Amino acid sequence: MFSAFSNCFKIPELRQRILFTLAVIVIARVGAAIPVPGVNSTILGMFFESVVDQQAQGSVIGLFNLFSGGALENCAIFSLSVMPYITASIMMQLLTAIVPSLGKLSREEGGRQKITQYSRLLTLVFCVFQGYLLAIGFEKPESIPLLKGIQEIILREGTPLVSDSGPLFRFTTILSLTTGTMLLMWLGEQITDKGIGNGISIIITVGILAQLPAALIQAWNKITAGSVVTSPLLVVALLGFLFAVIAATVAITQAIRKVTVQYAKQIRGNKIFGGQSSYLPLKLNYAGVMPVIFAQSIILFPSTVLSIIPNMPIGIQQFINNLTHGWMYYVLYGLMIFFFSYFWVAMVFNPVQIAEDLKKNNGAIPGVRPGEGTAMFLDHAMTRLTFAGAVFLAFIAILPLIIHHNLKIPNVTAQFFGGTSLLIVVGVVLDVMRQMETYLLQRHYDGFLKKGRIRGRSAFQATTQSRTVDDTTLVWIYALIGILVIAGITIALSSK
């Protein structure tokens, strides 16, 4: 693997792309440290250190700070990160599948560019709206329940959060945050075009990984202060459990079911076409991280809206606490992940279209009737795969909450045991390594995993003869998930 990394810099084009990506990442991190004019970033930093990091994962302001790479903690110009663009892109993708005119536009020549332009305009609207909400919250933090606790810090330090509030401050804040997000969006597109990997995903990943040193420091401070269980056996068990979760996430992300496709022979003149076998890859986690993002956004939306209302009754505050903590949150979160997993697959995966394309190309699945029979087979197979993927996603999403509540580990540290952050980081790293390996193989260099690539060839050759994946695969996946669940419960109980 180390020789593969060194070989990456021997290829001029790949070296140029890597250096360009690193340069853009440096710009993104510098922008995350430049504060917005008029905001006391010291007070805001104390608030995040003393209050937000002690809250559960359900804290929306802590979640935004995580994805912005700590920029919100500094009230930097990149505080909104690329989340408005992600939201706009998801909305446009859903509208493309729902609205017939947009769906037709996406299939036309140049239609994708127009939809991308619509996403950029929608991003601008989201930036202005979110920037205005942040400006109002910074001007009057005492009236926003999400900023509960910052008023005590302001009184203790004797300095306000905003030195000169008013229309000018709001305009400056909206302009700075909007410009920062649009600049980040442009930098992400430049990485996609001239760098390596998907630019927007890389910016989010770098922001998440930027919190890793702070997470380690906070965990060490908790251990030395005696705030968490300091049993050496528990620490070793947590480290082993962390590696097991990461390995399982990588395995589930890459897991596919290979459905054998046999193409009929065609004789045209003196030449014979077709007669070959291939396979149709059906991903186990077809929806990726999208169900977790959707579920988290939906379940946080009511509490976020209600938290913005000043002087709320005690009953509403108790409802918000029950909605963002405890068993009710776990159950709703898990059910929403299941729902959005099937929803996303139903929106993106079209078995009828795939069956028609196979039939037009004289392809058929052995033992399955072409046309409607193939569509029903693919739909049934994808339904079972989606169930297994949804079970794993629900476990990974809830795992940081369990670790945070039972072991009293800081929230920023528990985030790396699962959840959205781990899924994003694993997916992006695998995608970057896959692209780099493509360049290496084209220049006749060895890839990152030579042994794994040889196994991949033999598995591919086996698929040309018979269906390589059967129901036993799902049994092993469920067994793996069960082992992880039992290990997590054991660690949680050992802390009491």
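About the cut-offs
Residues numbered from 1 in each chain as written. Predicted model: local features only at pLDDT ≥ 70, side-chain atom pairs only at ≥ 80, totals over all residues. Heavy atoms only, no water. Helix = DSSP H or I, 4+ residues; strand = E, 2+ residues; numbered from the N terminus. Buried < 20%, exposed > 50% of the residue type's maximum accessible area, 1.4 Å probe, protein only. Contact = heavy atoms within 4.5 Å. Areas by Shrake-Rupley, 256 points an atom, 1.4 Å probe, with all protein chains shown as cover. pLDDT = per-residue confidence, 0-100. Pairing = 2+ DSSP bridges. Core = buried A, V, L, I, M, F, W, Y, C linked by side-chain atoms within 4.5 Å. Salt bridge = Lys/Arg side-chain N within 4 Å of Asp/Glu carboxyl O. Phe/Tyr/Trp six-rings, centres within 6.5 Å; stacked < 30°, edge-to-face > 60°. Lys NZ or Arg CZ within 6 Å of the ring centre and 35° of its normal. Axes fitted to C-alpha atoms, helices over the stretch in contact; angles between N-to-C directions. 1 Å grid on protein atoms, 1.4 Å probe; cavity = no way out; pocket = protein on both sides within 12 Å on 5 of 7 lines; lining within 4 Å. Points joined across faces, edges and corners; volume = space filled by probe spheres on them. Nonpolar A, V, L, I, M, F, W, Y, C, P; charged D, E, K, R; others polar. Arc of directions from axis to C-beta.

A. Up close: the overall build of the protein chain. Check the secondary structure of the protein chain and you find 21 helices and five strands. In the protein chain, which comprises 496 residues, the proportion classed as buried is 45%. Summarising the internal contacts of the protein chain: among those between residues at least 6 apart in sequence, 75% fall at separations of at least 24. Total accessible area on the protein chain is roughly 25,400 Å²; 65% of this is exposed by carbon and sulfur atoms.

B. Representation of the confidence of the model for the protein chain in the model. Within the protein chain, residue pLDDT values average 76, and 75% of them lie at 70 or more. Put simply, helix H20 (residues 450–463) is where the protein chain has its lowest mean pLDDT, 40, and helix H9 (residues 167–194) is where it has its highest, 90. Confidence over residues 451–471 falls short of pLDDT 50; this stretch has 26 contacts with residues more than four positions distant or in other chains. Counted against residues more than four places away or in other chains, residues 489–496, with its pLDDT under 50, gives twelve contacts.

C. Fine view of the pairing of strand S1 (residues 256–263). Bridge count for S1 against strand S4 (residues 277–283) is seven bridges, and the pairing is antiparallel. By the bridge assignment, Thr260 is partnered in S4 with Tyr279. When S1 meets strand S5 (residues 363–364), the two strands line up antiparallel, connected through two bridges. Considered in S5, the bridge of Gln262 is made with Ala364.

D. The arrangement of the nonpolar core in detail. If you look at the biggest cluster of nonpolar residues, it comprises 91 residues, and the most contacted ones within it are Leu14, Leu282, Val292, Tyr333, Ile337 and Ile403. Top element by residues in this core is helix H17 (residues 372–407). It accounts for 17 residues. Setting aside residues up to four positions removed in sequence, Ile403 forms contacts with Phe241, Lys408, Ile409, Ala414 and Phe417.

E. Broad picture of the pattern of salt bridges. Tallied over the full model, the rule gives four salt bridges. Ionic pairing is found between Glu13 and Arg17, a salt bridge with its closest N-O pair at 3.8 Å. Here Glu13 pairs with Arg17, and both are found in helix H2 (residues 12–31), just four residues apart, close to one helical turn. For Arg120, the salt bridge identified is with Glu189, shortest N-O distance 3.1 Å. Placement of Arg120 in helix H7 (residues 111–139) and of Glu189 in helix H9 is noted, with a sequence separation of 69 residues between them.

F. Broad picture of the packing of aromatic side chains. Here the structure, examined in full by the defined rule, presents five aromatic pairs. A ring pair is formed by Phe339 and Phe340, whose centres lie 5.1 Å apart and whose planes are at 75°; its orientation type is edge-to-face. Seen in terms of ring centroids, Phe339 and Phe343 are 6.0 Å apart; in terms of plane orientation they differ by 15°. Their pairing is stacked. Taken together, the positions of Phe339 and Phe343, both in helix H15 (residues 326–348) and four residues apart, correspond to about one turn of that helix. A relative accessible area of 52% places Phe339 in the exposed class. Here the aromatic cluster, defined as three or more aromatic residues joined through ring pairs, consists of Phe339, Phe340 and Phe343. Cation over ring: Lys258 sits above Tyr279, and NZ or CZ is 5.1 Å from the ring centre.

G. Fine view of the sheet that holds S1. Pairing in this open sheet of three strands is antiparallel, and the strands run S4-S1-S5 from one edge to the other. Every interior strand has two partners, whereas the edge strands, S4 and S5, have only one. Of the strands in this sheet, S1 and S4 are in contact with H17, which crosses S4 at around 40°.

H. Structural detail: empty space enclosed by the protein. Under the counting rule described, the total for this entry stands at four cavities of 30 Å³ or more. For the largest cavity, the calculated volume is near 70 Å³. Lining the largest cavity, in full, are Ala28, Arg29, Ala32, Phe67, Ser68, Phe78, Ser81, Leu184, Ile203, Val206 and Gly207. Of all the elements in the fold, those that place two or more residues in the lining of the largest cavity are H2 and helix H10 (199–209). Considering each element in turn, the lining of the largest cavity owes the most residues, three residues, to H10. Along the lines of polarity and charge, the residues of the lining of the largest cavity split into seven nonpolar, three polar and one charged.

I. Here's a closer look at unusual backbone geometry. Although it is not a glycine, Ser81 adopts a positive phi angle of roughly 55°. Along the polypeptide, Ser81 turns up in the loop between helix H4 (60–67) and helix H5 (83–98). Assessed through its relative accessible area of 4%, Ser81 is described here as buried.

J. The environment of Ala390, seen in detail. Among the secondary structure elements, Ala390 is positioned in helix H17. The contacts of Ala390, once residues within four sequence positions are left out, are Ile337, Phe338 and Ser341.

K. Quick peek at helix H8 (residues 150–157). Taken residue by residue, H8 has Ile150, Ile153 and Ile154 as its buried positions. The buried residues of H8 occupy one face: seen down the axis, they fall within an arc of 100°. Turned more than 90 degrees away from the buried face of H8, the exposed residues are Glu152, Leu155 and Arg156.

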